[in-house]
Amino acid sequence: MGMALSLKRLTNASRERILADPKEISLCFDLPERVPFSFGDFFRKLFGKKTEKADSDDTFPEHDPFFDEPECDLDKSWDVLCFLFCGATWGSGAEEKSFPSNFLLAGRGAVDLSDLYGYGPPWAYSSQEVKEIAVFLDAQTEEELRTKFSPDTMKEAEPYPSVWNNYKDSDSPGWEEEWEYFFGFFPDLKKFVRETADRDLALLLYLS
């Protein structure tokens, strides 16, 4: 359990439809079958909360062409990676840092879902913004990112999840495993974003 961040591909056209009309989020996610659309019902389904069935023949918008493509799942690494990229976390002003270094939490193109069940609205980047993110990620190295990852630094920054008080210093048992877990998501993220950019596609990010 806990908060996980995922990235999902979509077309620029679908992105524009979703930003113009939030109920079009159904282009990217399955809605509960035969349940009339409501933001509350959708996010109860999306985030594991129960919905009640209803007798309805309402139809829903078609799916985005890339609906069935695999997503990039960052599990619980997202806030640590955001800190390593831009020097700030979800709770310490990452949205105020410069784009694209803060793209994991910048919230650009937020989908205005007023009755949200979850951890905040999804947000979407255009294909041009995805290209900027890809260039940024291509420039990051393990050596450089590792210099920012120490028990003292993490205790001060307090990125999610809160495990940092378990470590006195970098020689503490388990510290190397922490790095391997959090950095372990970086290669797949970099590859996923680069392939998305090369295909001229947009990205939707969401916490669940």
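Everything discussed here concerns the structure shown above.
Residues numbered from 1 in each chain as written. Predicted model: local features only at pLDDT ≥ 70, side-chain atom pairs only at ≥ 80, totals over all residues. Heavy atoms only, no water.

Visitor: Sorry if this is basic, but what is going on with the overall build of the protein chain here?
Guide: Scanning the protein chain for helices and strands turns up eight helices and four strands. Along the protein chain, helices (α) and strands (β) appear in the sequence β-α-α-β-α-β-α-α-α-α-α-β when read from the amino end. Counting the 208 residues in the protein chain, one finds 48% classified as buried. Here the analysis covers contacts within the protein chain between residues at least 6 apart in sequence; of these, 68% occur between residues at least 24 apart. As presented, the protein chain carries roughly 10,400 Å² of accessible surface, and 47% of it is formed by carbon and sulfur atoms. (Helix = DSSP H or I, 4+ residues; strand = E, 2+ residues; numbered from the N terminus. Buried < 20%, exposed > 50% of the residue type's maximum accessible area, 1.4 Å probe, protein only. Contact = heavy atoms within 4.5 Å. Areas by Shrake-Rupley, 256 points an atom, 1.4 Å probe, with all protein chains shown as cover.)

Visitor: Is there a simple way to think about the sheet that holds strand 2 (residues 72–73) in this case?
Guide: Two strands in a sheet stick together by hydrogen bonds in their backbones, pointing the same way (parallel) or opposite ways (antiparallel). Judged by pairing direction, the sheet is antiparallel, and its four strands sit side by side in the order 2-1-4-3 without closing on themselves. Unpaired on one side and paired on the other, strand 2 and strand 3 (123–125) mark the two borders of the sheet. Here strand 1 (residues 5–10) pairs with strand 4 (residues 202–207) via six bridges, running antiparallel. The residue bridging Arg9 from the neighbouring strand is Leu203, located in strand 4. (Pairing = 2+ DSSP bridges.)

Visitor: Explanation requested: the packing of aromatic side chains in the structure shown.
Guide: In this description, an aromatic ring pair is defined by two values, namely the gap between the centres and the angle between the planes. Scanning all chains against the criterion turns up 18 aromatic pairs. Taken together, a centroid distance of 6.2 Å and an interplanar angle of 15° make the contact between Phe85 and Phe103 stacked. Taken together, the residues span a long stretch of sequence, with Phe85 in helix 3 (residues 78–86) and Phe103 in the loop between helix 3 and strand 3 at a distance of 18 residues. (Phe/Tyr/Trp six-rings, centres within 6.5 Å; stacked < 30°, edge-to-face > 60°.)

Visitor: Quick question: what am I supposed to make of helix 4 (residues 127–138) here?
Guide: In an α-helix, one full turn covers 3.6 residues, which means residues spaced three or four apart are oriented alike. Given a rise of 1.5 Å per residue, twelve residues ought to cover 16 Å, and the 16 Å separating the end C-alpha atoms of helix 4 matches this to within 8%. Among all positions in helix 4, only Ser127, Glu129, Val130, Ile133, Ala134, Phe136 and Leu137 are buried. Mapping the buried residues of helix 4 onto a view down its axis gives an arc of 165°, with all of them on the same face. (Expected span 1.5 Å × (residues − 1). Arc of directions from axis to C-beta.)

Visitor: I keep staring at the pattern of salt bridges and nothing clicks. Help me out?
Guide: Oppositely charged side chains are able to pair whenever their charged atoms sit close together. Within this structure, the stated rule accounts for 13 salt bridges. A salt bridge links Lys23 to Asp21; the shortest N-O distance between them is 2.4 Å. Since its relative accessible area comes to 24%, Asp21 is described here as partly exposed. Between Arg194 and Asp198 there is a salt bridge, with the nearest N and O atoms lying 3.1 Å from each other. (Salt bridge = Lys/Arg side-chain N within 4 Å of Asp/Glu carboxyl O.)

Visitor: Looking at this structure, how should I read the pairing of strand 4?
Guide: For a regular strand, side chains alternate in direction, first toward one face of the sheet and then toward the other. Taken across its six residues, strand 4 has six buried, putting it largely inside the fold. Going residue by residue along strand 4, you find Ala202, Leu204 and Tyr206 tucked away on one face and Leu203, Leu205 and Leu207 tucked away on the opposite face as well. Examined bridge by bridge, strand 3 and strand 4 share three bridges and lie antiparallel to one another. In the strand pairing of strand 4, Ala124 is matched with Leu204.

Visitor: Explain the pairing of strand 1 here, please?
Guide: The buried fraction of strand 1 is high, at six of six residues. Burial along strand 1 is two-sided: Leu5, Leu7 and Arg9 facing one way and Ser6, Lys8 and Leu10 facing the other are all buried. Here two bridges tie strand 1 to strand 2, and the two strands are oriented antiparallel to one another. Bridge assignment links Leu7 to a residue of strand 2, and that residue is Cys72.

Visitor: Sorry, what's going on with the state of the cysteines here?
Guide: In a disulfide, the sulfur atoms of two cysteines are held together by a covalent bond. Counted under the stated rule, the structure contains zero disulfides. Of all cysteine sulfurs, the one in Cys82 lies closest to Cys86, which takes part in no disulfide; the gap is 3.8 Å. (Disulfide = S-S within 2.5 Å.)

That's the geometry; what it means functionally is another story.
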